[in-house]
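A closer look at the structure
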There are 2 protein chains.
Amino acid sequence: MKNQKKMHYSRQREKILEYVQNRTDHPSAEQIYLYMREEIPNISLGTVYRNLKVLEEMKEIRRVLTPLNEERYDTRMDNHAHFICRNCGKVIDLNTVDNLKTEQLCEDPSLGAIYTVTVTIEGECAECMEIEKSGTVTRMKA
Amino acid sequence: MKNQKKMHYSRQREKILEYVQNRTDHPSAEQIYLYMREEIPNISLGTVYRNLKVLEEMKEIRRVLTPLNEERYDTRMDNHAHFICRNCGKVIDLNTVDNLKTEQLCEDPSLGAIYTVTVTIEGECAECMEIEKSGTVTRMKA
DNA sequence: ATACCTGCAAATTATTTGCAATATA
DNA sequence: TATATTGCAAATAATTTGCAGGTAT
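Residues numbered from 1 in each chain as written. Chains lettered and ligands numbered in written order. Predicted model: local features only at pLDDT ≥ 70, side-chain atom pairs only at ≥ 80, totals over all residues. Heavy atoms only, no water.

Thoughts on the sheet that holds strand 3 (residues 81-85) of chain B
Within the open sheet, the 6 strands sit side by side as 4(A)-3(A)-5(A)-5(B)-3(B)-4(B). Their pairing is mixed. Looking at strand neighbours, the two that pair on one side only are strand 4 (91-94) of chain A together with strand 4 (91-94) of chain B, the edges of this open sheet. Between one strand axis and the next, the sheet turns through 30° on average, direction left out of account. Here 13 bridges tie strand 5 (residues 111-125) of chain A to strand 5 (residues 111-125) of chain B, and the two strands are oriented antiparallel to one another. Within strand 5 of chain B, the residue paired with Ile114 of chain A across the bridge is Gly123 of chain B. (Pairing = 2+ DSSP bridges. Helix = DSSP H or I, 4+ residues; strand = E, 2+ residues; numbered from the N terminus. Axes fitted to C-alpha atoms, helices over the stretch in contact; angles between N-to-C directions.)

Description of the pattern of salt bridges
All names here are of chain A. Throughout the structure, instances matching the rule amount to 4 salt bridges over all chains. Glu39 serves as the salt-bridge partner of Lys15, at 3.3 Å between the closest nitrogen and oxygen. Of the two residues, Lys15 is situated in helix 1 (residues 11-21) and Glu39 in helix 2 (residues 29-39); the sequence distance between them amounts to 24 residues. With a relative accessible area of 21%, Lys15 lands in the partly exposed category. (Salt bridge = Lys/Arg side-chain N within 4 Å of Asp/Glu carboxyl O. Buried < 20%, exposed > 50% of the residue type's maximum accessible area, 1.4 Å probe, protein only.)

With respect to the pairing of strand 4 of chain A
All names here are of chain A. On strand 4, burial covers both faces: Val91 and Asp93 on one face and Ile92 and Leu94 on the other are all buried. Of the strand pairs in this sheet, strand 3 (residues 81-85) and strand 4 are connected by 4 bridges, and their pairing is antiparallel. Residue Ile84 lies in a different strand from strand 4, and its bridge partner there is Val91. Where strand 3 hands over to strand 4, the hairpin turn is made up of 5 residues, of which Gly89 adopts a positive phi near 85°.

As for the packing of helix 1 of chain A against helix 2 of chain A
A pair of packed helices is captured by two measures, namely the crossing angle of their axes and the spacing between those axes. All names here are of chain A. Put simply, helix 1 and helix 2 touch, their axes get as near as 11 Å, and they point 120° apart. Between helix 1 and helix 2, the angle is such that the two are oblique. Handedness of the helix 1/helix 2 crossing: right-handed. For the pair helix 1 and helix 2, the contacting residues are Arg11, Gln12, Lys15, Ile16, Tyr19 and Val20 in the first and Gln31, Ile32, Tyr35, Met36 and Glu39 in the second. (Parallel < 35°, antiparallel > 145°, perpendicular 65-115°, else oblique. Left-handed = near helix turned anticlockwise from the far one by under 90°. Contact = heavy atoms within 4.5 Å.)

Brief notes about the UniProt feature "binding site: Zn(2+)" (unreviewed entry) in chain A
In the UniProt entry, the feature "binding site: Zn(2+)" (unreviewed entry) is given for Cys85, Cys88, Cys125 and Cys128 of chain A. For the residues just named, distributed over 44 residues, the greatest C-alpha separation is only 8.3 Å, placing them together at one site. Locating Cys88 of chain A in the fold gives a position in the loop between strand 3 and strand 4. Note that Cys125 of chain A resides in strand 5. Under the relative-accessibility criterion, Cys125 of chain A is labelled buried at 1%. The contact partners of Cys125 of chain A, leaving out residues within four places of it in the chain, are Phe83, Cys85, Cys88 and Lys90 of chain A together with Ser110, Leu111 and Gly112 of chain B. (UniProt positions renumbered as here; feature names shortened; annotations may be inferred.)

Let's talk about the packing of aromatic side chains
Residues and elements named next belong to chain A. Scanning the entire structure with this criterion turns up 2 aromatic pairs over all chains. Note on Tyr19 and Tyr35: the rings are 4.2 Å apart at their centroids and 10° apart in plane angle, and the pair reads as stacked. In this pair, Tyr19 sits in helix 1 while Tyr35 sits in helix 2, placing the two residues 16 residues apart along the sequence. The buried category is assigned to Tyr19, whose relative accessible area is 12%. (Phe/Tyr/Trp six-rings, centres within 6.5 Å; stacked < 30°, edge-to-face > 60°.)

Shown next, in the form of structure tokens:
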């Protein structure tokens, strides 16, 4: 189908995948870049983005939508739920999506192929609520 | 609570809300801007963004997360589902979310306040599938 | 040798913001 | 008159891309 070109091995790509796989906090491209510089000091941000894109195409990782205009990445490829804190941007995985009747949603004739189903809950995490109650308000983004 | 300052009326804001309310296709800021220019020729994109933000704060509209790096807007304030086409970026509203057991998802102690719950289905719409079958491939974004 | 990958820097895209002028209350 | 809102242009922020050199096959 798709003009699949043969891939060469790359240390950068291997390390990026390894890093994202070993985290549960859905790192952003920037966070991945900052970490990678410790392993491969002169890696460039462009390389990080390019590899995240191919890894996504390879279905090794998945992009997570957030309301804070920054893409986050994830290696859980099953259909699961995300809680996103509007204050600190934290993404928390939630497990119990079994009861979601996906099939019912997908009866619409205008839908073609389904790739992923994500339940996204936007709100504020307990930690941020606590901080706000105590008076000190901190925001990740303006 | 929030330092609520009194608002002045603005024709720009009224028209923007009216436009988003009368559409079902989740327009982007850019699309809203292009349309608004027909009504108010020298409106600026900054004004569109500023008003979308206040309308969101007023809970008159809602931002929709899409995987195509562009915010889309919506006036359905109930918790509903979105189908997003990865090819053309189209956002389709889906109705049957009743069976989703939101409460179960929300038992996690790290969750504080819940603002919105959105089920997002990423895939490809029937129209795009049809076009691809017929050979002519068109993409909104590279 | 060939095709893929990289680092770097410049380019692009989406969104935000400072400011002086204008509209609303 | 005081304050909110606007248009404009410049500033940011996130991501993408062209290119020349480097690396894997």
